[in-house]
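Residue strings, one per chain:
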Amino acid sequence: KLQSVLNIAKTIFVCIVLLVGALLFSKDANELVLRPIERMVLKVQAMAANPLTKFSIRPHDKELESEGEQLETRMLENSIARICSLLSVGFGEAGTEIIAENMKRSGEINPMIPGRKVVAIFGFCDIRQFTDSTEVLQEEVMEYVNTIGKIVHMEAHLYGGSANKNIGDAFLLVWKFPPNITKRDVDLASEGLLKDEEKLLLLEQIADGALVSFLAVMAGLRRSAKLSSYKSNKKLNKRMPNFQTQMGFGLHVGWAIEGAIGSEYKVDASYLSPNVNISARLEAATKQFETPLLFTGQFANILSESTRTKCRQIDHVTLKGSEQPLRLYTCDVDIEAIPMPTQEEILSGRTYEDETNSLQLYENPFLEHPDIALMRKRVSEEFLNDFHRAFQKYERGEWNEARTLLHKTRKRVSYNGEEIEDGPTKSLLAVMERTNYRAPSDWNGFRVLTEK
């Protein structure tokens, strides 16, 4: 009888040991293998569903290591998060379909997926005097360009845009409209015929954000302590006296084909459309009009009414290779109004996050954003009205009357109280002077923009 009891006790003891061992093994297997694998699978699935998903990377923790947490699976998990993040940064918003399709499919990778038509605002900006800067700075030019790139990309991101292309001295930025907004909606809004208030408000918000972001970039270039350090570079000043970082900007709205460009050896995710080319042509034309920013009438017409009143039409042209006339607009700012960083600020090593004033949400950026309000402080309603009257005369072919009115806007007062020459006024007067201030017999209110 005693032997039977002992056998039963031994059996129960063995069962308890096996049960405890199984539980401990299962716990370790779950914590060290199964759960990390599940997290990795979830990351891949999330990346396939939304390629722009941001993943957190678990830091190396010596305490966890000392407590026995296995580092191999954590390293693998972090590697997947980094790869996903690099794919997102490398392909950008235009490459979401490429990433998503290849994450979902089995078999070989195929980056050459068909494109899709989107409607968006395209912004193109270019660094002035870049060739000279590259020859002078040599290896340092990479840090110079990336400092500018950080300002351009960050301001665009803060106002709803996304960076697409970095082309050495130029950047292409895109503000995509939601799928429910079509090209017809944009065309109707541009003509003042869109009746859907919800869509109209969304169009105005995105367009206002695109314009404000470029104005904020202008201020950011001047506020940047890193860029200010190049202003005192002796070699740069010897090559380009009074050197300072300057950029030109162009904005246009329209359709484009979003997709992969290249081959299985190298692929870029970008946009193909005449509308993208127009934004680049506008940026190039800023040199001719001596103004840092140009945008089309189609873009100006989808701005909110309060923002549109801050802009002025400066010409009516057809671009080379196109018969469709474009109304050209600008938004006047005085970049010199932004204070330059002090020597102490330049040496402080502060980042652009510490310098920008765009991190705060503004209901009306033209009144509330410190930099934009400051840059527009000396842009008077009288000046805008005088130029508007002169431009109406110019469009109607009454060039003698236009010349008289334009002489009033040829000079304007800067933030520092100095008189500066107005580039668009100077450009119109030069156009009319070629024909002795008489409109051509075939004048239809616009001209061919031959210069780049």
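Residues numbered from 1 in each chain as written. Predicted model: local features only at pLDDT ≥ 70, side-chain atom pairs only at ≥ 80, totals over all residues. Heavy atoms only, no water.

**Digging into the pattern of salt bridges**
The final tally for this structure, using the stated rule, is 24 salt bridges. The salt bridge partner of Arg312 is Asp332, with a shortest N-O separation of 2.7 Å. Taken together, the positions of Arg312 in strand S7 (residues 312-319) and Asp332 in the loop between strand S8 (326-330) and helix H14 (343-347) put the pair 20 residues apart, joining distant regions of the chain. For the pair Arg312 and Asp332, a shared accessibility class is recorded, and that class is buried. Here Lys408 makes a salt bridge to Asp386, at a shortest N to O gap of 3.9 Å. Here the residue Lys408 occupies a position in helix H19 (residues 399-409), and Asp386 occupies one in helix H18 (residues 381-396), the gap between them amounting to 22 residues. (Salt bridge = Lys/Arg side-chain N within 4 Å of Asp/Glu carboxyl O. Helix = DSSP H or I, 4+ residues; strand = E, 2+ residues; numbered from the N terminus. Buried < 20%, exposed > 50% of the residue type's maximum accessible area, 1.4 Å probe, protein only.)

**Re unusual backbone geometry**
Only a minority of non-glycine residues have a phi that is not negative, and only a minority of peptide bonds are not trans. Phi at Gln129 takes a positive value of approximately 55 degrees, unusual for a residue other than glycine. Among the structural elements, Gln129 can be located in the loop between strand S1 (116-127) and helix H5 (130-137). With a phi angle near 55 degrees, Asn436 is a residue other than glycine that sits in the positive phi range. Within the element layout of this structure, Asn436 appears in the loop between helix H20 (423-433) and strand S11 (447-449). Owing to a relative accessible area of 52%, Asn436 belongs among the exposed residues under this scheme.

**Focus on the packing of aromatic side chains**
Within this structure, the stated rule accounts for 11 aromatic pairs. Centre to centre, the rings of Tyr144 and Phe243 are 6.4 Å apart; their planes meet at 50 degrees, and the pair counts as tilted. Within this pair, whereas Tyr144 is found in helix H6 (residues 141-158), its partner Phe243 is found in the loop between helix H10 (234-239) and strand S4 (247-262), the two being separated by 99 residues in sequence. Exposure remark for Tyr144: the relative accessible area of 0% places this residue in the buried category. Ring geometry for Phe295 and Tyr329: centres 6.1 Å apart, planes at 15 degrees, overall stacked. Here the residue Phe295 occupies a position in strand S6 (residues 293-296), and Tyr329 occupies one in strand S8, the gap between them amounting to 34 residues. One exposure class covers both Phe295 and Tyr329, and it is buried. Chaining the aromatic ring pairs together yields one cluster made of Phe391, Tyr394, Trp399 and Trp443. The ring of Phe383 carries the charged tip of Arg412 above its face, separated from the ring centre by 5.9 Å. (Phe/Tyr/Trp six-rings, centres within 6.5 Å; stacked < 30°, edge-to-face > 60°. Lys NZ or Arg CZ within 6 Å of the ring centre and 35° of its normal.)

**Quick look at the packing of H19 against H20**
Contact geometry of H19 with H20 gives a least axis separation of 10 Å together with a crossing angle of 150 degrees. Judged on the interaxial angle alone, H20 and H19 are roughly antiparallel. Considering how the two elements wind past one another, H19 and H20 form a crossing that is left-handed. Facing H19, whose interface residues are Trp399, Ala402, Arg403, Leu406 and Thr409, H20 presents Thr425, Leu428, Leu429, Val431 and Met432. (Axes fitted to C-alpha atoms, helices over the stretch in contact; angles between N-to-C directions. Parallel < 35°, antiparallel > 145°, perpendicular 65-115°, else oblique. Left-handed = near helix turned anticlockwise from the far one by under 90°. Contact = heavy atoms within 4.5 Å.)

**Regarding the environment of Asn444**
For Asn444, the location among the structural elements is in the loop between H20 and S11. Assessed through its relative accessible area of 60%, Asn444 is described here as exposed. Measuring from C-alpha to C-alpha, the distance between Asn444 and Gly397 comes to 8.1 Å, with 47 residues separating the pair along the chain.

**Details of the side chain of Ser358**
Along the polypeptide, Ser358 turns up in the loop between helix H15 (352-355) and helix H16 (365-368). Residue classification places Ser358 among the buried positions, given a relative accessible area of 5%. Reaching out from Ser358, the side chain makes a polar contact with the side chain of His369 at a distance of 3.1 Å. Each residue touching Ser358, except ones within four places of it in the same chain, is listed here: Glu155, Leu158, Tyr159, Ala216 and His369. (Polar contact = N/O pair within 3.5 Å; in protein donor to acceptor, adjacent residues only side chain to side chain.)

**Thoughts on the pairing of S6**
Judged by which residues are buried, S6 turns out to be covered on both faces: Leu293 and Phe295 on one side and Leu294 and Thr296 on the other are all buried. Of the pairings in the sheet, the one linking S4 to S6 comprises 3 bridges and is parallel in character. By the bridge assignment, Gly250 is partnered in S6 with Leu294. As judged from the 2 bridges shared by S6 and S8, these two strands associate in the antiparallel manner. Residue Phe295 lies in a different strand from S8, and its bridge partner there is Tyr329. (Pairing = 2+ DSSP bridges.)

**Things to note about a nonpolar patch on the surface**
Taken together, the side chains of Ile8, Ile12, Ile16, Val20 and Leu24 make up a nonpolar region of the molecular surface, amounting to roughly 450 Å² of accessible area. Tracing the sequence through the fold places Val20 in helix H1 (residues 2-49). Judged by relative accessible area, which is 40%, Val20 ranks as partly exposed. (Patch = residues over 30% accessible without salt bridge, like charges linked within 9 Å, V, L, I, M, F, W, Y side chains within 5 Å. Areas by Shrake-Rupley, 256 points an atom, 1.4 Å probe, with all protein chains shown as cover.)

**Quick look at the state of the cysteines**
Two cysteines joined by a covalent bond between their sulfur atoms form a disulfide. What the rule picks out here adds up to 0 disulfides. Of all cysteine sulfurs in the structure, the one in Cys331 sits closest to Cys311, which takes part in no disulfide; the separation is 4.6 Å. According to the relative accessible area criterion, Cys311 is buried, its value standing at 10%. (Disulfide = S-S within 2.5 Å.)

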